[in-house]
Amino acid sequence: MAHVMERFNLDGRVAVVTGGAGLLGRGFCRTLAEAGAAVVIADRNKSEAEKLAAEISQTGQALAVEVNVTQPDSVRAMAAAAKETFGRLDVLVCSAALDPKFDPHLGGGYEQDFEHFPLESWRQALDVNLTGAFLSAQAAAPLMLEQGGGVMVMIASIYGLSGPDQRIYRDPHKPPQYKPAYYPASKAGLLGLMRYLAAYYAGRGIRVNALTPGGVFNDHDAFFEREYSARTMLGRMADKDEMNAALLFLASDASSYMTGSNLVVDGGWTAW
């Protein structure tokens, strides 16, 4: 029987992380590389992906790939780059997503009420958050099937499990703000896609699971941080590095008897 820590080892494996230069994606890429995987950092921001790849390449293997996860040709090129550079594709992490805090250029942000939310913003966000994972899985699956198996991890959200508490966005000293509808809708859809894929590839060597993070602190204002933290059992927001170990668990053989499951790391938000 293998030592338990050996089951987290990813030596010889190749991982693709969409949104790899993002808040959580950066930590995911570093973690997978530390575990021994060659990492493809796939992101729309090529310069940031290249910086991270240069950092990881000092001790491991990494490749930066510019990708638009809403475009089939771009996503197929991403998977092909993994195959051409490293010879295989073992792990797909779907972390690319639009969120109004990180994508203020997207119309219909926190300031927009539901009744007047722009249809184009809704469609654009679903294209990235949900269709992007669909296309990425489509591109990765043939390579995984060809080599006898692989792992997919969908990065969801607590808002895919429960509705946003809009009160925590309404600082009385600021104009009204709202978490937009596309975010919980797309994250709930991602959980449905995960279960579909797990069932579809049952018995064919591909495991598919989801990681559901709670709120991760990223320079939030004091009002939001206080209100959010009060809703969690641990009384605080997550640090961005607190999702990495859970991701490695799902990406490695440590979770070999898991598929179609959702690992919730939310400080107790959804357990009240």
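Since the model is a prediction, treat every value here as computed from it, not as a measurement.

About the cut-offs
Residues numbered from 1 in each chain as written. Predicted model: local features only at pLDDT ≥ 70, side-chain atom pairs only at ≥ 80, totals over all residues. Heavy atoms only, no water. Phe/Tyr/Trp six-rings, centres within 6.5 Å; stacked < 30°, edge-to-face > 60°. Lys NZ or Arg CZ within 6 Å of the ring centre and 35° of its normal. Helix = DSSP H or I, 4+ residues; strand = E, 2+ residues; numbered from the N terminus. Contact = heavy atoms within 4.5 Å. Buried < 20%, exposed > 50% of the residue type's maximum accessible area, 1.4 Å probe, protein only. Pairing = 2+ DSSP bridges. Polar contact = N/O pair within 3.5 Å; in protein donor to acceptor, adjacent residues only side chain to side chain. Salt bridge = Lys/Arg side-chain N within 4 Å of Asp/Glu carboxyl O. Right-handed = clockwise from strand over helix to strand, strands pointing away.

For the structure shown, the criterion picks out seven aromatic pairs. One aromatic cluster in this structure is built from Tyr159, Tyr169, Phe224, Tyr228 and Trp269. The ring of Tyr183 carries the charged tip of Lys179 above its face, separated from the ring centre by 4.3 Å. Looking at Arg231, its charged tip hangs above the ring of Trp269, at a distance of 4.2 Å from the centre.

Let us now look at the environment of Gly267. Position of Gly267 relative to the elements: it lies in the segment after strand 7 (262–265). C-alpha separation for the pair Gly267 and Leu234, spaced 33 residues apart in sequence, amounts to 5.3 Å. Those residues in contact with Gly267 that sit more than four places away from it in its chain are Thr232, Met233 and Leu234.

Now for the pairing of strand 4 (residues 91–94). Taking every second residue as pointing to the same face, both faces of strand 4 are buried, with Val91 and Val93 on one and Leu92 and Cys94 on the other. Bridge analysis of strand 4 against strand 5 (residues 150–155) gives four bridges, and the strand direction is parallel. Within the sheet, the bridge partner assigned to Val93 lies in strand 5 and is Val153.

A few words now on the environment of Lys179. In this structure, Lys179 sits in the loop between strand 5 and helix 5 (182–200). Taking C-alpha positions, Lys179 is 8.1 Å from Pro100, a pair spaced 79 residues apart along the chain. Residues within four places of Lys179 in sequence aside, it is in contact with Asp99, Tyr110, Tyr159, Pro164, Gln166 and Tyr169. Within the structure, the side chain of Lys179 is placed 2.9 Å from the side chain of Asp99, a separation counted as a polar contact.

On to the environment of Phe8, then. Tracing the sequence through the fold places Phe8 in the segment before strand 1 (14–18). For Phe8, a relative accessible area of 23% translates into the label partly exposed. Excluding anything up to four places from it in sequence, Phe8 contacts Ala35, Leu248, Phe249, Ser252 and Ala254.

Attention shifts here to the pattern of salt bridges. Taken as a whole and judged by the stated rule, the model has 14 salt bridges. Ionic pairing is found between Arg13 and Asp253, a salt bridge with its closest N-O pair at 2.7 Å. Of this pair, Arg13 sits in the segment before strand 1 while Asp253 sits in the loop between helix 7 (244–251) and strand 7; the two residues are 240 residues apart in sequence, bridging distant segments of the chain. A residue is classified by how much of its surface remains accessible, and Asp253, at 31% relative accessible area, is partly exposed.

Looking now at the side chain of Ser95. Along the chain, the position of Ser95 falls in the loop between strand 4 and helix 4 (119–147). The residues contacting Ser95, other than those within four sequence positions of it, are Val17, Thr18, Gly19, Gly25, Phe28 and Ile155.

Inspection of the secondary structure assignment puts Ser136 in helix 4. Residues within four places of Ser136 in sequence aside, it is in contact with Thr18, Val69, Val75, Met78, Leu92 and Cys94.

Okay, the pairing of strand 2 (residues 38–43) next. In terms of burial, strand 2 is a largely internal element, six of the six residues being buried. Burial of strand 2 is two-sided: the residues Ala38, Val40 and Ala42 facing one way and the residues Val39, Ile41 and Asp43 facing the other way are all buried. As judged from the five bridges shared by strand 1 and strand 2, these two strands associate in the parallel manner. Within strand 2, the residue paired with Val14 across the bridge is Ala38. Note that the unit made of strand 1, helix 1 (residues 23–34) and strand 2 has a crossover that is right-handed. Relative to strand 3 (residues 62–66), strand 2 is paired through five bridges, and the arrangement is parallel. Looking at the pairing, Val39 lines up with Ala62 of strand 3. Note on the crossover from strand 2 through helix 2 (residues 46–56) to strand 3: the handedness is right-handed.

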